[in-house]
Amino acid sequence: MYQLIDGKRISQEIKDELKEKVAKQGLKRCLAVIKVGNDPASGVYVNNKKKACEYVGIQSLSYELAEETTEEELLKLIEELNTKEDVNGILVQLPLPSHIDEDKVLLAIDPTKDVDGFHPVSVGNLSIGRPGYVSCTPAGVIQLLKRSGIEIAGKECVVIGRSNIVGKPMSMLLLRENATVTICHSRTRDLKEVTKRADILVVAIGKPRFVDETFVKEGAVVIDVGIHRNENGKLCGDVDFDKVAPHTSAITPVPGGVGPMTIAMLMHNCVEGI
Ligand code: NAD
């Protein structure tokens, strides 16, 4: 029987620990959240982030800018927030409208306030093992593994996906935990041959139920980062859970696996700093 890795419980545990720390130590933390435009999904994410801040005891400042906001205006706001001493985290909700250069915007955030961990300085620090903010979703995966009693050191870990937000930082974090790491991507030959070597398989491919049991070694741990809505409007992941789960020793469900960890780790970054 496999272990169901419970992201809902673990993310709640992390938020409760942070809440207690903030209250006990009287910490003053403030997160500025910027949203540009009317993307409905972004609206939901931003609201969830605000709610989590309230729960943990972090002040949140919300900037909901119109779709037609110019790149210059956005950069100016970031510059102001960079210099505001009482703001210790700045987050720009992605995606941005197409007339704004995302890279330029992320680069404008002061790396000491880069709680999303997307700034090249944060990415560089992660890759050379220096302290810095770490991208929330992959950091959440590491917490899921550790808090479920799954050893990472020495394991064969395979990550499917090489995006800047998930795949690459995920691989660097697993490496930092002393795993042997392989990264697969759209040009990988014989994908299944590689994924079947994995003791821990992390799937961030962005294709609904792509991974079935033929990708997985018997007894592997499978972490599903994907989030999709299926034809019936139900949430599903990149992994075909029903087919894969019986062949694993532990697996994350969707929903209730990696998803809730992202906000918990954002709260962690806001409270703990670099
Ligand atoms: P992405 O589209 O940027 O990257 C997908 C990666 O998969 C690419 O690097 C690509 O090379 C690789 N890939 C595509 N087809 C492949 C194939 N046939 N074989 C091997 N590799 C292939 O996606 P992303 O932003 O990294 O997100 C991945 C998934 O995770 C999405 O479903 C996304 O919704 C989800 N996600 C979840 C959270 C969360 O909080 N749980 C956060 C971010 C992303």
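Residues numbered from 1 in each chain as written. Predicted model: local features only at pLDDT ≥ 70, side-chain atom pairs only at ≥ 80, totals over all residues. Heavy atoms only, no water.

1. A short note on the sheet that holds strand 4 (residues 89-92)
Piece 1. The sheet built from three strands is open, its strands ordered 3-2-4 with parallel pairing. Two strands lie at the open edges of the sheet, namely strand 3 (59-65) and strand 4, each paired on one side alone. Sheet twist, expressed as the average angle between the axes of neighbouring strands with direction ignored, equals 15 degrees.
Piece 2. Pairing between strand 2 (residues 30-36) and strand 3: seven bridges, direction parallel. The residue bridging Val-33 from the neighbouring strand is Ser-62, located in strand 3. (Pairing = 2+ DSSP bridges. Helix = DSSP H or I, 4+ residues; strand = E, 2+ residues; numbered from the N terminus. Axes fitted to C-alpha atoms, helices over the stretch in contact; angles between N-to-C directions.)

2. Side note on the domain arrangement of the protein chain
Piece 1. Partitioning the protein chain into structural domains gives domain 1 (26-110) and domain 2 (136-259).
Piece 2. Look at where the C-alpha atoms of domain 1 and domain 2 centre, and you get two points 29 Å apart. (Domains from an automatic or database assignment.)

3. Here's the deal with the site of the ligand
Piece 1. As a structural note, the neighbourhood of the ligand is formed by 22 residues, with Arg-162, Ser-163, His-185, Ser-186 and Thr-262 the closest of them.
Piece 2. Ser-186 places a main-chain nitrogen or oxygen 3.0 Å from an oxygen atom of the ligand.
Piece 3. About the coverage of the ligand: the protein hides 72% of its 860 Å² of free accessible area.
Piece 4. Along the lines of polarity and charge, the residues of the shell around the ligand split into nine nonpolar, ten polar and three charged. (Near = heavy atom within 4 Å. Polar contact = N/O pair within 3.5 Å; in protein donor to acceptor, adjacent residues only side chain to side chain. Areas by Shrake-Rupley, 256 points an atom, 1.4 Å probe, with all protein chains shown as cover. Nonpolar A, V, L, I, M, F, W, Y, C, P; charged D, E, K, R; others polar.)

4. Examining the environment of Ala-153
Piece 1. Along the chain, the position of Ala-153 falls in the loop between helix 6 (136-147) and strand 5 (156-160).
Piece 2. A relative accessible area of 39% places Ala-153 in the partly exposed class.
Piece 3. Considered as a pair, Ala-153 and Leu-191 are 38 residues apart in the sequence and their alpha carbons are 23 Å apart.
Piece 4. Ignoring sequence-local partners within four residues, the contact set of Ala-153 consists of Glu-177, Asn-178 and Ala-179. (Buried < 20%, exposed > 50% of the residue type's maximum accessible area, 1.4 Å probe, protein only. Contact = heavy atoms within 4.5 Å.)

5. So, the sheet that holds strand 11 (residues 248-251)
Piece 1. What the six strands build is an open sheet, ordered 1-11-8-7-5-6; its pairing is parallel. Edge positions in the sheet fall to strand 1 (3-4) and strand 6 (180-184), since each has one partner strand and no second.
Piece 2. Here five bridges tie strand 5 to strand 6, and the two strands are oriented parallel to one another. Counterpart to Val-159 in the pairing with strand 6 is Ile-183.

6. Quick notes on the environment of Lys-243
Piece 1. By secondary structure assignment, the location of Lys-243 is in helix 9 (residues 241-244).
Piece 2. For Lys-243, a relative accessible area of 43% puts it in the partly exposed group.
Piece 3. The spatial distance from the C-alpha of Lys-243 to the C-alpha of Glu-213 is 5.8 Å, given a sequence separation of 30 residues.
Piece 4. Once you skip the residues sitting within four places of it in the chain, Lys-243 turns out to touch Asp-212 and Glu-213.

7. Quick notes on the side chain of Ser-171
Piece 1. Tracing the backbone shows Ser-171 in helix 7 (residues 167-176).
Piece 2. Given the relative accessible area of 4%, Ser-171 is considered buried.
Piece 3. From its side chain, Ser-171 meets the backbone oxygen of Gly-167 in a polar contact 2.8 Å long.
Piece 4. Not counting chain neighbours up to four residues away, the residues in contact with Ser-171 comprise Val-159, Val-181 and Ile-183.

8. Digging into the packing of aromatic side chains
Piece 1. Applying the stated criterion across every chain, the model contains two aromatic pairs.
Piece 2. With 6.1 Å between their ring centres and 85 degrees between their planes, Tyr-2 and Phe-241 make a pair best called edge-to-face. Of this pair, Tyr-2 sits in the segment before strand 1 while Phe-241 sits in helix 9, placing them 239 residues apart in sequence.
Piece 3. Residue classification places Tyr-2 among the partly exposed residues on the basis of a relative accessible area of 23%.
Piece 4. Judged by relative accessible area, which is 23%, Phe-241 ranks as partly exposed.
Piece 5. Ring centres of Phe-210 and Phe-215 lie 5.6 Å apart, and the angle between their planes is 55 degrees; on these two criteria the pair is classed as tilted. (Phe/Tyr/Trp six-rings, centres within 6.5 Å; stacked < 30°, edge-to-face > 60°.)

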